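Analysis of the macromolecular model
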Amino acid sequence: MSDAQSDIQSRSSSTSATSAGSAGGVLSPLVTDQGRTTIADTVVAKIAGIAAREVSGVHALGGGAARAVGAIRERIPGGRTNQSLGVSVEVGERQAAVDLQLVAEYGVSIADLAQGIRRNVISSIERMTSLEVTEVNIDVQDVFLESDDQDQQDQQAEPRVQ
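Rules behind the numbers
Residues numbered from 1 in each chain as written. Predicted model: local features only at pLDDT ≥ 70, side-chain atom pairs only at ≥ 80, totals over all residues. Heavy atoms only, no water. Helix = DSSP H or I, 4+ residues; strand = E, 2+ residues; numbered from the N terminus. Buried < 20%, exposed > 50% of the residue type's maximum accessible area, 1.4 Å probe, protein only. Areas by Shrake-Rupley, 256 points an atom, 1.4 Å probe, with all protein chains shown as cover. Core = buried A, V, L, I, M, F, W, Y, C linked by side-chain atoms within 4.5 Å. Contact = heavy atoms within 4.5 Å. Salt bridge = Lys/Arg side-chain N within 4 Å of Asp/Glu carboxyl O. Axes fitted to C-alpha atoms, helices over the stretch in contact; angles between N-to-C directions. Parallel < 35°, antiparallel > 145°, perpendicular 65-115°, else oblique. Left-handed = near helix turned anticlockwise from the far one by under 90°. Nonpolar A, V, L, I, M, F, W, Y, C, P; charged D, E, K, R; others polar. Patch = residues over 30% accessible without salt bridge, like charges linked within 9 Å, V, L, I, M, F, W, Y side chains within 5 Å.

Check the secondary structure of the protein and you find five helices and six strands. Listed N to C, the secondary structure of the protein is α-β-β-α-β-α-β-β-α-β-α in terms of helices and strands. Per-residue burial for the protein yields a buried fraction of 27% across its 162 residues. Summed over its atoms, the accessible surface of the protein is roughly 10700 Å², and 49% of this surface lies on carbon and sulfur atoms.

Right under this line is the structure:
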């Protein structure tokens, strides 16, 4: 059995165990005798995105194409920043898993950055939603250099025609 197949099998068996546990009457802050609270994926994604951006060393969230679309969206009148850009989540009754794509600032220890992001994302989601965060996967897509930003500003300042 491949690693991917065993991962899928372990996720499905843990999902079955969670479902069986909820049927067995085990209560949580979100599932009580008085009712059930559900939290949308977009809510958890937004919390994770904001928490990740708070960590020093994160330049931006999202891959190249996602950031380009986000930049266009922000320039549209009335458009606002998409806080969940570069964030995907999977939310169950009691647990959540988060995947992040980001651009790190040059010179920052990526291992330390990842640890700080995980800590902040997990604590924010668990504090605000009472969901248990099972994993936070981080995909560093690029490294931001100050010279890249300066080159882009220089190109914008020069007229294209004379």
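Next comes the rest of the description.
Counting 25 residues, the largest nonpolar core has V87, V98, L100, I117, V121 and I125 as the members making the most contacts within it. Secondary-structure elements contributing two or more residues to this core are helix 2 (41-53), strand 3 (58-61), strand 4 (87-91), strand 5 (95-105), helix 4 (110-129) and strand 6 (132-144). Element by element, the count of residues in this core is highest for helix 2, at six residues. Residues in contact with V87, not counting those within four places in the same chain, are A45, A48, G49, L61, V98, D99 and L100.

All right, on to the pattern of salt bridges then. Taken as a whole and judged by the stated rule, the model has two salt bridges. Across the salt bridge formed by E93 and R36, the nearest N and O atoms sit 2.9 Å from each other. In this pair, E93 sits in the loop between strand 4 and strand 5 while R36 sits in strand 2 (residues 35-36), placing the two residues 57 residues apart along the sequence. A relative accessible area of 33% means that E93 is categorised as partly exposed. Close ionic contact of R94 with E93 constitutes a salt bridge, the shortest N to O distance being 3.9 Å. Taking the relative accessible area as the measure of exposure, R94 reaches 17% and is therefore buried. Overlapping salt bridges bring together R36, E93 and R94 as one network.

The subject of this paragraph is the packing of helix 2 against helix 4. One way to put it is that helix 2 packs onto helix 4 with a least axis distance of 8 Å and a crossing angle of 140°. Classed by the angle they form, the pair helix 2 and helix 4 counts as oblique. Between helix 2 and helix 4 lies a crossing whose hand is right-handed. Facing helix 2, whose interface residues are V44, I47, A48, A51 and A52, helix 4 presents I117, N120, V121, S124, I125, M128 and T129. Residue classes in the contact of helix 2 with helix 4 are distributed as nine nonpolar, three polar and no charged.

Glancing now at a nonpolar patch on the surface. On the surface, a nonpolar cluster with roughly 360 Å² of combined accessible area is contributed by Y106, I110, V143 and L145. On the secondary structure map, I110 appears in helix 4. Owing to a relative accessible area of 41%, I110 belongs among the partly exposed residues under this scheme.

Read these as layout, nothing more, since geometry by itself doesn't imply function.
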